[in-house]
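Chain by chain, the residues:
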Amino acid sequence: MIQTNLLPLQPPYDYIYKDGILGRHIATLIVTQDKTDEHGSYAIETHSHPVVSYGYRLPGAVWDKAELADCRVVCSEQNKTIDFDKLHWLLSLSMDEEDKTDAHMSLLARSLAQNGIKVQLNERMKNENVFDVYLAFFKTDGRACPYSMDFEWGKGHLDFSLKSADIRELLARLSMLSDNLKRMLRDYAFAFHFKPSLSGSFTAEEREQLKELVKSQNEREKEYVGAYSSRS
């Protein structure tokens with residue numbers, strides 16, 4: 001027999017995170033089921049699913065695919081601000097499953113905005129508007145995704161890796177990553193300056209292709225800051 005119990009929470013509520021999405025945790029749906037295993041032993045199976053609200057939508061969405069134990073608390077509704085270290089932590093959670101990284105990062109950028117949660121840069125970063133990012137490109141033959149890129153934003157800012165089967169796709173993912181980071185840090189006008197290095201069995205043609213694609217991305221970054229400044 002399956003039984004359900006709704007456990008309402010009291011404000012102030014916490015914002016929780018799972019798979020790129022943030023929600024205000026307003027209640028927990030507890031589902032229990034009596035079971036008997038193949039040996040005839042009796043057991044109770046219990047699941048706890050968060051009930052959340054999103055931004056200005058009506059509350060009451062059940063995260064039926066998520067267990068409460070697998071969610072992470074991001075901030076309280078009393079202080080909807082997170083620091084840069086917590087953003088790094090959220091991004092690292094998005095990187096857990098390589099094939100879902102881009103989708104989770106896009107969802108996180110949108111979810112932060114929808115819920116009115118702001119990210120604060122560290123004090124040492126606030127006066128800068130161009131940040132050096134070191135890109136280490138690797139090629140390993142014989143793999144389904146032979147091209148990879150390590151992304152390192154400054155010392156201790158952000159660092160993670162991306163993989164792809166195609167050089168242009170890898171740079172497209174870099175462009176998407178840059179756009180999503182700017183959406184997450186929407187209160188600041190800044191650009192990245194990408195500094196590439198290459199290791200592995202790249203051909204001369206591939207090296208030239210990477211050089212031109214990174215150069216094109218750097219030009220795009222300059223245009224972004226100019227456009228942002230003209231709107232201010």
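Below, the structure is looked at part by part. Here the structure is a predicted model, which is why all the values come from computation and not from measurement.

Rules of the game
Residues numbered from 1 in each chain as written. Predicted model: local features only at pLDDT ≥ 70, side-chain atom pairs only at ≥ 80, totals over all residues. Heavy atoms only, no water. Helix = DSSP H or I, 4+ residues; strand = E, 2+ residues; numbered from the N terminus. Buried < 20%, exposed > 50% of the residue type's maximum accessible area, 1.4 Å probe, protein only. Contact = heavy atoms within 4.5 Å. Areas by Shrake-Rupley, 256 points an atom, 1.4 Å probe, with all protein chains shown as cover. Lys, Arg positive; Asp, Glu negative; His and termini not counted. Charge placed at Lys NZ, Arg CZ, Asp CG, Glu CD. Salt bridge = Lys/Arg side-chain N within 4 Å of Asp/Glu carboxyl O. Core = buried A, V, L, I, M, F, W, Y, C linked by side-chain atoms within 4.5 Å. Pairing = 2+ DSSP bridges. Axes fitted to C-alpha atoms, helices over the stretch in contact; angles between N-to-C directions. Arc of directions from axis to C-beta. Polar contact = N/O pair within 3.5 Å; in protein donor to acceptor, adjacent residues only side chain to side chain.

The subject of this paragraph is the overall build of the chain. Looking only at helices and strands, the chain features four helices and twelve strands. Here the C-alpha coordinates of the chain stretch approximately 65 × 50 × 25 Å along the principal axes. Counting over 232 residues, the chain shows a buried share of 39%. Taking the intrachain contacts of the chain between residues at least 6 apart in sequence as the baseline, contacts between residues at least 24 apart amount to 59%. As displayed, the chain offers around 13,000 Å² of accessible surface, 50% of which is attributable to carbon and sulfur atoms. Taken together, the 29 basic and 35 acidic charged side chains of the chain have centroids lying 6 Å from each other.

Before going further, it helps to examine the pattern of salt bridges. Under the criterion given, the structure shown has eleven salt bridges. Note that lysine 139 is salt-bridged to glutamate 206, the shortest N-O span being 3.0 Å. One end of the pair, lysine 139, is in strand S9 (residues 130-139); the other, glutamate 206, is in helix H4 (residues 204-231), and 67 residues separate them in sequence. Neither lysine 139 nor glutamate 206 differs from the other in exposure class; each is buried. Overlapping salt bridges bring together Lys139, Asp141 and Glu206 as one network.

It is worth spelling out the nonpolar core at this point. Counting 45 residues, the largest nonpolar core has Phe151 and Trp153 as its most contacted members. It is helix H3 (residues 167-184) that provides the largest number of residues to this core, a total of seven residues. Apart from the residues within four sequence positions on either side, phenylalanine 151 is in contact with Val133, Tyr134, Leu135, Leu158, Asp159, Phe160, Leu174, Leu177, Leu181 and Phe194.

Another aspect to go through is the sheet that holds S9. The four strands lie next to each other as S11-S10-S9-S12, forming an open sheet whose pairing is mixed. For this open sheet the edge positions go to strand S11 (158-164) and strand S12 (191-200), each flanked by a neighbour on one side alone. Within the sheet, the average angular offset between the axes of one strand and its neighbour, ignoring direction, is 20°. Note that strand S10 (residues 147-153) and S11 share seven bridges and pair antiparallel. Bridging across to S11, tyrosine 147 finds its partner in serine 164.

Given 3.6 residues per helical turn, the α-helix brings residues three or four places apart onto the same face. Residues Phe84, Leu87, His88, Leu90, Leu91 and Ser94 constitute the buried set of helix H1 (residues 84-94). Looking straight down H1, one finds its buried side chains confined to an arc of 165°; they lie on one side. For H1, the N-terminal capping position is held by aspartate 83, with its side-chain oxygen 3.3 Å away from the main-chain nitrogen of aspartate 85.

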